[in-house]
Protein chains: 2
Amino acid sequence: MRITMIGAGRLGTHLARALHKAGHDIAQVYSRTMASASPIAAETKAEAICHLGDLRNDADIYIVSVSDNALPQLLPTICEGRDGKLFLHTAGSVSIAIFKGITSRYGVLYPLQTFSKQRDINFRTIPCFIEGNTEEATYAVEDLAKTLCARVVRLSSDRRKYLHLAAVFACNFTNHCYTLAANILEKQGISFDALLPLIAETADKVNRLSPQEAQTGPAVRYDKNIICAQAELLSDNTTTKALYELMSKSINEEQTKYRKKND
Amino acid sequence: MRITMIGAGRLGTHLARALHKAGHDIAQVYSRTMASASPIAAETKAEAICHLGDLRNDADIYIVSVSDNALPQLLPTICEGRDGKLFLHTAGSVSIAIFKGITSRYGVLYPLQTFSKQRDINFRTIPCFIEGNTEEATYAVEDLAKTLCARVVRLSSDRRKYLHLAAVFACNFTNHCYTLAANILEKQGISFDALLPLIAETADKVNRLSPQEAQTGPAVRYDKNIICAQAELLSDNTTTKALYELMSKSINEEQTKYRKKND
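Everything numeric in this text was worked out from a predicted model, so none of it was measured. (Residues numbered from 1 in each chain as written. Chains lettered and ligands numbered in written order. Predicted model: local features only at pLDDT ≥ 70, side-chain atom pairs only at ≥ 80, totals over all residues. Heavy atoms only, no water.)

K.L.:
Explain unusual backbone geometry to me, and be specific about the residues and the numbers.
P.N.:
Residue and element names in this part refer to chain A. Unusually for a residue other than glycine, K45 sits at a positive phi of about 55°. Structurally, K45 can be placed in the loop between α2 (34-43) and β3 (47-49). Owing to a relative accessible area of 69%, K45 belongs among the exposed residues under this scheme. (Helix = DSSP H or I, 4+ residues; strand = E, 2+ residues; numbered from the N terminus. Buried < 20%, exposed > 50% of the residue type's maximum accessible area, 1.4 Å probe, protein only.)

Set out below in structure tokens:
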């Protein structure tokens with residue numbers, strides 16, 4: 001397929017690279033600045049552009065991978081005069097309906113992963129959730145996704161927003177727990193490295209056990225002495241202390257429900 | 001060394017197994033019930049007991065791996081009449097001072113990992129934090145720890161309690177984020193499996209990037225539209241919703257600090 005990428009952020013960059021590697025022809029890469037568009041355009045042998053007016057009409061598929069807030073503003077310009085082309089966005093929380101009335105063939109391609117510029121990502125292992133506005137469009141998105149990912153799943157916008165929310169918990173909030181742990185260690189002059197085997201095992205465990213089964217620590221037993229004492233250690237940061245207390249409460253609530261269900 | 005294990009919980013069980021494999025002689029395994037003591041005692045060719053009165057005096061080291069709350073009550077009985085033996089506890093949050101006035105040679109052995117009965121754990125990769133009440137005792141704990149773990153670090157009780165707190169964030173709170181994600185998916189009939197590549201990559205990333213650098217998602221940008229919309233999706237669970245909002249606030253605060261520091 002001949003594909004034009006609009007957006008050269010983390011996801012856009014990784015996606016362009018993966019599409020290129022999968023044998024697709026990347027026509028153009030658009031970003032707001034040439035500095036952002038040029039490296040990935042060069043890598044994928046595409047033309048870098050930083051004005052939407054320079055978008056050509058020679059791609060089969062236009063993939064729009066920009067911030068959620070920019071979508072409503074950019075889509076009319078991107079789709080105009082290109083009816084019949086396939087337009088896709090990649091945002092977990094944005095409904096497919098955002099294309100309604102703007103163009104006639106459209107869909108969503110949502111690869112469920114966290115993308116950092118400095119990391120290589122193997123798309124084959126990523127589950128990809130897709131949607132199309134017609135059966136024909138759905139098949140077209142599905143065919144495209146299958147050239148990248150081994151696991152391609154149809155999912156409606158209504159359910160995808162819950163999937164995206166779950167991903168925020170499993171990735172962003174998890175990573176934030178690492179950040180707060182790093183802050184605590186930094187103040188004690190202990191290297192964050194000390195936590196890496198624990199982090200790896202915690203993540204690995206849930207391949208075999210459900211997270212409820214895998215849970216350990218003071219909040220499972222709701223050991224009030226230690227919970228109070230640990231909260232005290234966080235007195236220099238109101239938000240972190242509140243988070244510690246709310247997390248402990250939530251763990252206890254969920255463990256209580258889980259035990260009732262399994263008794 | 002000839003070692004007696006008091007406690008056959010998750011950590012006690014894994015520790016007894018690792019000590020046995022490392023060539024130590026496990027003399028006895030105590031637990032409140034024979035049902036709990038017997039399997040690991042049989043596995044390590046030790047005697048299972050469920051009365052502290054049956055503790056023999058023929059071990060060099062007594063490792064007490066019971067719940068934090070049970071320690072003050074059990075230690076006097078365990079140590080009585082055995083002065084000169086080495087007594088260790090394994091609790092991250094409990095000070096070494098808990099042994100003071102009870103016996104004369106004591107310390108702490110704190111392997112930093114999460115232990116589940118169903119999982120095999122390779123102790124070589126776990127960092128082990130140790131402490132002794134005298135230089136002699138410290139060396140003795142260190143020597144013992146080195147037979148299990150490649151990375152053995154001396155750490156005072158005052159700093160160990162912060163390490164334990166960091167571990168609660170990096171492990172228990174992280175795992176709870178997985179639980180809440182699983183709950184969200186379960187209601188949508190989406191398999192938790194879909195998140196496994198994301199969870200693995202999130203954990204793997206922090207081997208190379210600091211957690212602050214690795215952070216992504218709506219809370220980094222503090223995208224209020226999506227944060228409000230996602231909080232709404234959690235209206236059926238007050239605690240989870242409050243946690244979502246506090247997490248988003250905390251991510252934004254820490255990212256703001258991080259960016260200021262790196263500007």
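K.L.:
I'd like a rundown of the relation of the copies chain B and chain A, residues and numbers included.
P.N.:
Rotating chain B by 180° and translating it 0.0 Å along the rotation axis places it on chain A, where the RMSD comes to 0.0 Å. Viewed as a symmetry operation, the transformation between the two copies matches a two-fold axis. No C-alpha of chain B approaches the rotation axis more nearly than that of T174 of chain B, which lies at 2.4 Å. Mapped onto chain A, 100% of the interface residues of chain B again fall at the interface, so both copies present the same surface. (Least-squares fit on C-alpha atoms with pLDDT ≥ 70 in both. Contact = heavy atoms within 4.5 Å.)

K.L.:
Please give an account of the sheet that holds strand β5 (residues 86-89) of chain B that cites residues and values.
P.N.:
Residues and elements named next belong to chain B. Strand order in the open sheet formed by 8 strands is β3-β2-β1-β4-β5-β6-β7-β8, with mixed pairing between adjacent strands. Two strands in the sheet have a free side with no partner beyond their single neighbour: β3 (47-49) and β8 (151-154). Ignoring which end each strand starts from, the neighbouring axes of this sheet average 25° apart. In the sheet, strand β4 (residues 61-64) pairs with β5 via 4 bridges, with the strands oriented parallel. Counted as the bridge partner of V64 is H89 from β5. Across the sheet, helix α1 (residues 10-21) is in contact with β1 (2-6), β2 (25-30), β4 and β6 (106-111); its angle to β1 comes to roughly 170°. (Pairing = 2+ DSSP bridges. Axes fitted to C-alpha atoms, helices over the stretch in contact; angles between N-to-C directions.)

K.L.:
Quick rundown of the pattern of salt bridges? Include the residues and the values.
P.N.:
As enumerated under the stated definition, the model contains 34 salt bridges over all chains in all. One salt bridge connects R17 of chain B with E43 of chain B, and the closest N-O pair in it is separated by 2.5 Å. Here the residue R17 of chain B occupies a position in helix α1, and E43 of chain B occupies one in helix α2 (residues 34-43), the gap between them amounting to 26 residues. Via salt bridges that share partners, R2, D25, E47, R56 and D58 of chain A belong to a single interconnected network. (Salt bridge = Lys/Arg side-chain N within 4 Å of Asp/Glu carboxyl O.)

K.L.:
Before we move on, can you summarise helix α4 (residues 135-146) of chain A with the specific residues and values?
P.N.:
Helix length check: α4 of chain A (12 residues) gives 16 Å between terminal C-alpha atoms against 16 Å at 1.5 Å per residue, within 8%. What α4 of chain A keeps buried is the set A137, T138, A140, V141, E142, L144 and A145 of chain A. (Expected span 1.5 Å × (residues − 1).)

K.L.:
Hey, could you go over the domain arrangement of chain A for me, with residue numbers and the actual values?
P.N.:
All names here are of chain A. The domains assigned to chain A are domain 1 (2-155) and domain 2 (161-262). Each of domain 1 and domain 2 has a C-alpha centre, and these two points are 35 Å apart. With 7 residues of domain 1 at the contact, the number on the domain 2 side is 5 residues. Summing both partners gives a buried area of about 510 Å² for domain 1 against domain 2, and 72% of it is carried by carbon and sulfur. (Domains from an automatic or database assignment. Buried area = accessible area lost by both parts, 1.4 Å probe.)

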